[in-house]
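A closer look at the structure
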Amino acid sequence: MQQTEITRRTNKRVMIASFMLILLAILGYVMELVRGTRDLSYVLLMSLSLLAPIGFSYIFYRHPKFIEAFKGIALYSFIVSWMIMLSFSPKVIQYVLIFPLLVIYVLYCDYKLIRNASILVFVYGIVKVVLNIRLYGMTDSFMM
């Protein structure tokens, strides 16, 4: 089997797994709406910020010339989406939502991609924690 075909199959698996993760996240937002902890505009905004990367990635997934570049395009668009989610949520659980997504990209065996994405996620996580402490006074021991 050619490397291109292997990458194409991996891209398909990554798209399916990413889509399932996005649907689960949106379901979580809908459940918060039903419980009354979030309003409709927030749920719609977060859902759109989650659906945008999957739509963006799908465009590149369909074009044969982007078979190799797809993994980076998709991963970084999902990381931006995660950063948006993390920026607008005070919940600590948002920090761990990136790990299943990063694990999916291990399928590519591209350790440089995973390393760079992990560094980006780590730095943004630290920035968000510092902002939570400095700006919002979140010094609860649970938050730490």
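Heads up: the structure comes first, above all this text.
These lines cover the structure that appears in this document, whether it is placed above or below.

What follows is about the environment of L131. Position of L131 relative to the elements: it lies in helix α5 (residues 111–134). Taking the C-alpha atoms as reference, L131 lies 25 Å from G28; in sequence the two are 103 residues apart.

Axis angle and axis distance: for two packed helices, these are the angle between their axes and the distance between the axes, and together they describe the pair. The contact between helix α1 (residues 3–35) and helix α3 (residues 70–87) brings their axes to 11 Å, and the two run at 10 degrees. Between α1 and α3, the angle falls in the class roughly parallel. Residues N11, V14, M15, S18, I22 and Y29 of α1 pack against F70, F78 and M85 of α3. In the contact of α1 with α3, the residues fall into seven nonpolar, two polar and no charged.

A separate point is the pattern of salt bridges. Applying the stated criterion across every chain yields a total of four salt bridges. For E5, the salt bridge goes to R8, with nearest N and O atoms at 3.6 Å. Residue E5 and its partner R8 are both found in helix α1; the two are separated by three residues, about one turn of the helix. The exposure class assigned to R8 is partly exposed, which follows from its relative accessible area of 37%.

Turning to helix α2 (residues 40–62), a few remarks are in order. With 23 residues, α2 extends 32 Å from end C-alpha to end C-alpha; this agrees with the ideal 33 Å at 1.5 Å per step. The complete set of buried residues in α2 reads Y42, V43, M46, S47, S49, L50, P53, I54, S57 and F60. The elements touched by buried residues of α2 are α1 and α3.

To continue, consider the nonpolar core. The biggest cluster of nonpolar side chains holds 32 residues, and the ones touching the most others in it are W82 and Y105. Every element with two or more residues in this core is listed here: α1, α2, α3, α4 (98–104) and α5. Looking at which element gives the most residues to this core, the answer is α3, with nine residues. Ignoring anything within four residues of it in the chain, the contact list for Y105 reads V14, S18, K71, A74, L75, F78, L113 and I114.

Let us now look at the packing of α1 against α2. Two elements in contact, α1 and α2, have axes separated by 9 Å at closest approach and are oriented at 175 degrees. When the axis of α1 is compared with that of α2, the two are roughly antiparallel. Along its contact with α1, which presents N11, K12, M15, S18, F19, I22, A25, I26, Y29, V30 and L33, the element α2 presents L40, Y42, V43, M46, S47, L50, L51, I54, S57, Y58 and Y61. Here the contact of α1 with α2 is built from residues that sort into 17 nonpolar, four polar and one charged.

Looking now at unusual backbone geometry. If you check the backbone angles, C109 has positive phi at about 55 degrees while not being a glycine. Relative to the helices and strands, C109 is located in the loop between α4 and α5.

Looking at the element boundaries, I26 is found in helix α1. Accessibility expressed as a relative area gives 13% for I26, which makes it buried. Separated by 20 residues in sequence, I26 and M46 place their C-alpha atoms 7.8 Å apart. Excluding residues that lie within four positions of it along the chain, I26 makes contacts with S47, L50 and L51.

Thresholds, definitions, all that
- Residues numbered from 1 in each chain as written.
- Predicted model: local features only at pLDDT ≥ 70, side-chain atom pairs only at ≥ 80, totals over all residues.
- Heavy atoms only, no water.
- Helix = DSSP H or I, 4+ residues; strand = E, 2+ residues; numbered from the N terminus.
- Axes fitted to C-alpha atoms, helices over the stretch in contact; angles between N-to-C directions.
- Parallel < 35°, antiparallel > 145°, perpendicular 65-115°, else oblique.
- Contact = heavy atoms within 4.5 Å.
- Nonpolar A, V, L, I, M, F, W, Y, C, P; charged D, E, K, R; others polar.
- Salt bridge = Lys/Arg side-chain N within 4 Å of Asp/Glu carboxyl O.
- Buried < 20%, exposed > 50% of the residue type's maximum accessible area, 1.4 Å probe, protein only.
- Expected span 1.5 Å × (residues − 1).
- Core = buried A, V, L, I, M, F, W, Y, C linked by side-chain atoms within 4.5 Å.

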